[in-house]
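Chain by chain, the residues run as shown.
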Amino acid sequence: IIDEAHHSLAESYTKFWKKCGDCWKLGVTATPYRLNNKSFRSHFDALVMSMEIDEFISQGYLAKYDYMVDNPQSSLSQTIKSIKEKSSTGDYKTATLLKELNVPQHIQRLIVCYEQYVKGQKGIVYAINKEHAHNICDAYKLVGVEAVYIDSDTPKTERSEIVEKFKSGEVDVMVNVDIFSEGFDCPDVEFIQLARPTWSLAKYLQQVGRGMRPCKGKQETVILDNSRS
């Protein structure tokens, strides 16, 4: 049984697949998509669909949500719209995103949207890379928000401490780089802010999904899309 099975086309999984011979195999994922549109037929014979997301919401398995898209005429939106270059994987090039978006004007736009729509709420922000995340975190702190930063280099014990502070309410905002895209469970997250544009449907759905756990007392999750996703 393979969880997050959208990764199963990777070389490491393929080697494992061959060693399993004729074993029965089950892959489970909320996002059965690949940015390169590569088929899963090499590993799986059939796709068994779950309910639609709206049905999960109506039955109480997922939280309701409100979706805020940045003004298409804002400088940030216009800058993202102008970026056409893609990497070999089909997503945006990190270096290009960093050059165009990791500037004070665009980072300040993230803070303006936070203060206008979700001020005082608990949330997760998705950044382009470590430098971008640090700058976003600093910008939040300047307006009095208890914000912290996590990336793949954050020591495991420190990461655990930060997450516990976030869950307990000591930390209001966690800014991260591809850490809380899959599997992270904190039901009382009240908003998700997308500051990293992506062409990947799987990455997008995994990120917004971190805010859609239902929680007693939470009316809805607000998704702040500052990425034109």
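The sections below set out a description of the structure shown in this document. None of the values given here were measured: they were computed from a predicted structure. (Residues numbered from 1 in each chain as written. Predicted model: local features only at pLDDT ≥ 70, side-chain atom pairs only at ≥ 80, totals over all residues. Heavy atoms only, no water.)

What follows is about the pairing of strand β5 (residues 147–150). Here β5 shows no split at all, with A147 and Y149 on one side and V148 and I150 on the other all buried. Pairing geometry for β5 and strand β6 (residues 173–176), over four bridges, is parallel. Its bridge partner being in β6, Y149 is matched across the sheet by V175. Crossover β5 to β6 through helix α7 (residues 156–168) is right-handed. (Buried < 20%, exposed > 50% of the residue type's maximum accessible area, 1.4 Å probe, protein only. Helix = DSSP H or I, 4+ residues; strand = E, 2+ residues; numbered from the N terminus. Pairing = 2+ DSSP bridges. Right-handed = clockwise from strand over helix to strand, strands pointing away.)

Turning our eyes to something else, we now look at a nonpolar patch on the surface. Together, I1, L26 and V28 give the surface a local cluster of nonpolar side chains, amounting to about 330 Å² of exposed area. Its place among the elements puts V28 in strand β2 (residues 27–28). Here V28 falls in the partly exposed class, since its relative accessible area comes to 38%. (Patch = residues over 30% accessible without salt bridge, like charges linked within 9 Å, V, L, I, M, F, W, Y side chains within 5 Å. Areas by Shrake-Rupley, 256 points an atom, 1.4 Å probe, with all protein chains shown as cover. Salt bridge = Lys/Arg side-chain N within 4 Å of Asp/Glu carboxyl O.)

Another point: the pairing of strand β4 (residues 123–126). Across the two faces of β4 the burial is the same, with G123 and V125 and I124 and Y126 all buried. In this structure, β4 lies alongside β6, joined through four bridges in parallel fashion. Within β6, the position partnered with Y126 by the bridge is N176. Across four bridges, β4 lies against strand β7 (residues 191–194) in parallel orientation. Following the sheet pairing, V125 is matched in β7 by Q193.

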